[in-house]
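Structural description and commentary
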Amino acid sequence: MSAATSLLSKDQLLCSICLDVFADPVAIPCGHNFCKNCISEHWNIAVQCQCPICKKLFYTKPELQVNVFISEMVAQFRQSAQQRASSSRSEQQAAKPGEVPCDICTGTKLKAVKSCLVCLVSYCEIHLEPHLTASGLKRHQLINPVENLEGRMCMKHDKALELFCKDDQTCVCMLCTILDHKIHNVVPLKEEYGEKKAELGKTEAEIQQMIQKRRLKIQEIKKSVKLSKENADKEIAEDVQAFTKLKESVEKYQARVITMIEEKQKRTEKQAEGFIKELEQEISELKKRSSELEKLSHSEDHLHILQSFPSLNAAPSTKDWTEVKVCLPSYDGTIKTVVDQLVEKLKKMFAYGELMWVQQYSVDVTLDPDTANPKLILSDDGKQVHHVDAEKNLPDNPERFSIGLCVLGKQTVSSGKIYFEVQVKGKSDWILGVARESINRKGRITISCKNGYWALRLRNENLYFALADTPVCLSLKSKLEKIGVFVDYDEGLVSFYDVDASALIYSYTSCSFNEKLLPFFCPYLNQGGNNSAPLIISSVHHTE
């Protein structure tokens, strides 16, 4: 029997109704074989009792008996197939994550090799065999394994999506073309696939071109950075050389000035030494005369005294020292003045360079009307603000200052650096700087660092303060007209600059920023028109 079954192909053991291997095979009078259940249901539905294959008509329904011989052949075939499947399964690998598993496998799911668009099932190599051998299954459309085969079915008609509606740009089934897309331009999926694939190819080519352009741009940027680095290194080397020369020149002239001063001092000391030596000689002579006179005054030799008297009675010849003075060298401070002027020029030069550096981080700041106190008037472009006595009827939203005459900028900073400039010309009182986003905006406010403000203030036209936790009075050489505000969030730094003088006014350092910061403005009361000029956010004209 096993030799006989080995000669049979699977097609010979398939029921022509269910297209599967016989289950309880029966032979009808014309000689054709079917599954007992398949032919019984067929005759229950059919009007006439006839063979599904040769169409032979039976006037009475034949009595069905299981064909023992074919049944044994089927059993042998199933056993042999199971053995082959078991052997094949051991050689195949289970589906890995990301791979499509076989929908038929029980237990360990093998990797699917094909998916059937008719059955909507994915098959491993073993379970795919009927689709490769059975004539009825060979007509099914097989594709490379895919997941979610249900998505390839029409949700409305439960039919395979095998057509494409060009009007609605959607996949449809055959029934859709009859019912919902009757007058639409419908083509087979394969035809639309070809067109779309061509479009995708074109898009892919465009994308590759875009990628190439961006790669070239990257090269251009890298080249610019390299050139910038070379220029920076060259500038640093030249600056180091210039400062080295300056240092050497300063040290040289310092040594020369010191030598000149020391030589003056030596001449003075030499002159003084000459005077002292001469004075000491006269003192020595005077002491000698004094000793002789004292000795003579104690003598009892009358003759000797009278004979010595003429020579000893007169004082020795000495110099009149009344008008004699040591000539002190003159130091008019010219060198110091020149050096001080040079230092001031260097300070201005460095401040000028620092202002140029911070100006590169300028941002376009505009005022946020939702935060403005009702007594503040904002310009249409959001660049100016001033105070009026009349209060506008505005909604008291959470962002608005209720009592403080303040307004915030729209721009925030939570990392990196920003810079903006504000014109304060013509005002006698103002406050400006930056503030935390979470500052209290209702009721009276106190502006200080601990309350989330880093600000500068002018009071009574000429009193400038940094509003730290303890206000710092600032001494400035001239009245401020335009102020630059610089924030380095990562370094915890807020600096204020006198733009016109290119000078640093004040810096808050080592600040603790733990949330967003916003530009902060307070034009203060208009004071009957004396302080009616607006605070103006001005465009940054980069210093050259």
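Residues numbered from 1 in each chain as written. Predicted model: local features only at pLDDT ≥ 70, side-chain atom pairs only at ≥ 80, totals over all residues. Heavy atoms only, no water.

The element strand 13 (residues 430-436) is extensively covered by neighbouring structure, given that 7 of its 7 residues are classed as buried. Both strand 13 and strand 14 (residues 453-459) contribute to a ladder of 6 bridges, which runs antiparallel. Residue pairing for strand 14: glycine 433 is matched across the bridge by alanine 455. Pairing of strand 13 with strand 20 (residues 517-522), which is carried by 6 bridges, proceeds in the antiparallel orientation. From the neighbouring strand, isoleucine 431 faces strand 20, where its bridge partner is cysteine 522. (Buried < 20%, exposed > 50% of the residue type's maximum accessible area, 1.4 Å probe, protein only. Helix = DSSP H or I, 4+ residues; strand = E, 2+ residues; numbered from the N terminus. Pairing = 2+ DSSP bridges.)

Before going further, it helps to examine the packing of aromatic side chains. Applying the stated criterion across every chain, the model contains 13 aromatic pairs. Arranged with centres 5.3 Å apart and planes meeting at 35 degrees, the rings of tyrosine 489 and phenylalanine 513 form a pair that is tilted. In this pair, tyrosine 489 is assigned in the loop between strand 17 (482-488) and strand 18 (493-498) and phenylalanine 513 in the loop between strand 19 (503-508) and strand 20, connecting sequence segments 24 residues apart. What makes tyrosine 489 buried here is its relative accessible area of 11%. The ring of tryptophan 321 carries the charged tip of lysine 319 above its face, separated from the ring centre by 4.8 Å. (Phe/Tyr/Trp six-rings, centres within 6.5 Å; stacked < 30°, edge-to-face > 60°. Lys NZ or Arg CZ within 6 Å of the ring centre and 35° of its normal.)

In this structure, Trp430, Trp454, Ile483, Phe496, Tyr508, Phe520 and Phe521 are the most contacted members of the largest nonpolar core, which totals 52 residues. Sequence-distant contacts of tryptophan 454, defined by excluding residues within four places in its chain, comprise Leu432, Gly433, Val434, Arg436, Cys449, Val494, Phe496, Tyr508, Cys511, Ser512, Phe513 and Leu517. Counting residues in each nonpolar core, the second largest holds 22 residues, with Phe34, Cys49, Phe58 and Val74 among its members. (Core = buried A, V, L, I, M, F, W, Y, C linked by side-chain atoms within 4.5 Å. Contact = heavy atoms within 4.5 Å.)

The analysis is restricted to geometry; functional conclusions fall outside its scope.
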